[in-house]
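Descriptive structure summary
Read off the chains here:
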Amino acid sequence: MKTVLYDQHVALGARIVDFAGWDMPVQYTGILEEHKACRTATGIFDVSHMGELWVTGDGAFDYLQHSVTHDLRRLLDGKWAYSPVCRVDGGTVDDIIVYPREGGYLVCVNASNADKDYAWFKDNAPSNVVVENHSSRYAQIAVQGPEYKSIMDKIQLPEGAFRAFTGYTGEKGCEIYLPPEHAVKLWCDLVELGAVPCGLGARDSLRLEAALPLYGHELSDSISPYEAGLHRFICFDKGDFVGRDALLAQKNDPKTRKLVGLRPEGRAIARAEYPVCKDGAEVGVTTSGGVSPTLGGSIAMALITGDTSEGEGYSITVRGKSEPVKLVELPFYKRAL
């Protein structure tokens, strides 16, 4: 599948790869340059492959409130909310963003989970709730970086568009939802104003530095949001919700896995699915890893068991060789206020 901006990516010389069934740009001029542009100026990303569900009906709010781990009462003040969605056993269906809109709620879901999420929300909806897949009605462009506002101040959004102050880079920014027929003009206007097109490669290195979860890595059917360190998005005091009992059991179990940050002490590059050992005994596995352009070295996140108060004595196994690592605080990078 191709997004409405596909021809723009090709014209800019992007290297195209398959991502969740979509032909997407992995890089244009290079991941390092695009990463730096987003950290120091303004980067733009085509995220039109993301899915959008439309939830309406008299019971829409109560249904969503019961379906997610976060407390959606903040939506009553017109705010958006990020939240994991869990199964009864605590495994993660997806992590989503809910936006209150006139007449209902727009739910943004991950591209790789769009069909699964639509089926899950639709199949579990009560009779007074309607769930529709509106993914084809939206294109989405993310504008991210410390100078994003100076560019957005010069942009007139088209009719039917809205701007959400969300993102996946650890920087200030916004995500623009708009009718697909207006996406090419908006993209070209942003480029003309100096925004740097960025691909999936920079998107991943940026989110890794900010320790933001990627479904299939830090979250999955077998990894709960509690294990992934998303405690602030699990509101046990809001009342019942799907997965509450399982997550509460994990909270009270000292053997529950923890998401930690790792920094190799040598020149080894940490990647996903490397064994993690403590004093020679395997205690977990890396979930994401790579080179941090900002920090100038390798970083990784990992799910491990056991006492993490002592950050020494850890290693990862890289191609059969043990490489020492240190446990470090997450996130690896925090933007300047």
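Nothing here was measured: the structure is a model prediction, and the numbers come from that model. (Residues numbered from 1 in each chain as written. Predicted model: local features only at pLDDT ≥ 70, side-chain atom pairs only at ≥ 80, totals over all residues. Heavy atoms only, no water.)

1. Considerations on helix H4 (residues 114–124)
Within H4, burial applies to Ala-114, Asp-117, Trp-120 and Phe-121. Viewed along the axis of H4, the buried residues span an arc of 130°, placing them on a single side of the element. Along H4, exposed side chains directed more than 90 degrees from the buried face belong to Asp-115 and Asp-123. The inward-facing, buried residues of H4 contact strand E4 (51–56), helix H3 (60–67), strand E5 (81–86), strand E6 (92–101), strand E7 (104–109) and strand E8 (130–133). (Buried < 20%, exposed > 50% of the residue type's maximum accessible area, 1.4 Å probe, protein only. Helix = DSSP H or I, 4+ residues; strand = E, 2+ residues; numbered from the N terminus. Arc of directions from axis to C-beta. Contact = heavy atoms within 4.5 Å.)

2. Looking at the environment of Thr-166
Topologically, Thr-166 is positioned in the loop between strand E10 (162–164) and strand E11 (173–178). In sequence terms Thr-166 and Met-152 are 14 residues apart; their C-alpha atoms lie 14 Å from each other. Within the structure, the side chain of Thr-166 is placed 3.2 Å from the side chain of Tyr-99, a separation counted as a polar contact. (Polar contact = N/O pair within 3.5 Å; in protein donor to acceptor, adjacent residues only side chain to side chain.)

3. A word on the packing of aromatic side chains
Scanning the model with the defined rule gives nine aromatic pairs in all. When the centroid spacing of 4.8 Å and the interplanar angle of 0° are considered together, the rings of Phe-162 and Tyr-177 count as stacked. Here Tyr-177 lies in strand E11 and Phe-162 lies in strand E10, a separation of 15 residues in the sequence. Per residue, the accessibility class of Phe-162 equals that of Tyr-177, and both read buried. Put simply, the rings of Tyr-99, Tyr-138, Phe-162 and Tyr-177 pair up and form one aromatic cluster. Across from the ring centre of Tyr-333, 3.9 Å away, lies the NZ or CZ of Arg-39, which sits over that ring. Sitting above the plane of the Phe-162 ring, Arg-101 keeps its charged end 3.9 Å from the centroid. (Phe/Tyr/Trp six-rings, centres within 6.5 Å; stacked < 30°, edge-to-face > 60°. Lys NZ or Arg CZ within 6 Å of the ring centre and 35° of its normal.)

4. A closer look at the nonpolar core
Formed by 23 residues in total, the largest nonpolar core has its most connected members in Phe-45, Tyr-99, Leu-106, Phe-162 and Tyr-177. Those elements giving two or more residues to this core turn out to be E6, E7, E10 and helix H7 (200–209). Setting aside residues no more than four positions away along its own chain, Phe-162 makes contact with Tyr-99, Arg-101, Leu-106, Tyr-138, Leu-157, Glu-175, Ile-176 and Tyr-177. Counting residues in each nonpolar core, the second largest holds 22 residues, with Tyr-63, Ala-81, Val-109 and Val-129 among its members. (Core = buried A, V, L, I, M, F, W, Y, C linked by side-chain atoms within 4.5 Å.)

5. A few points about the pattern of salt bridges
Tallied over the full model, the rule gives 13 salt bridges. A salt bridge links Asp-23 to Lys-2; the nearest nitrogen and oxygen atoms lie 3.5 Å apart. One end of the pair, Asp-23, is in strand E2 (residues 22–27); the other, Lys-2, is in the segment before helix H1 (6–11), with 21 residues separating them in the sequence. Here Asp-23 falls in the partly exposed class, since its relative accessible area comes to 23%. In this structure, Arg-87 engages Asp-221 in a salt bridge whose closest nitrogen and oxygen atoms are separated by 3.9 Å. Of the two residues, Arg-87 is situated in the loop between E5 and E6 and Asp-221 in the loop between H7 and helix H8 (244–251); the sequence distance between them amounts to 134 residues. Looking at Arg-87, the relative accessible area reads 30%, which means it is partly exposed. Residues joined by salt bridges that share partners form a network here, namely Arg-87, Asp-89, Lys-116 and Asp-221. (Salt bridge = Lys/Arg side-chain N within 4 Å of Asp/Glu carboxyl O.)

6. Some words on the side chain of Asn-113
Structurally, Asn-113 is set in the loop between E7 and H4. By relative accessible area, Asn-113 is classed as buried at 5%. Apart from residues lying up to four places away in sequence, Asn-113 is in contact with Val-93, Asp-94 and Tyr-215.

7. Observations regarding the pairing of strand E18 (residues 321–328)
Note that strand E13 (residues 258–264) and E18 share four bridges and pair antiparallel. Residue pairing across strands places Leu-262 opposite Leu-327, the latter belonging to E18. (Pairing = 2+ DSSP bridges.)

Purely geometric stuff here, so don't read any function into it on its own.
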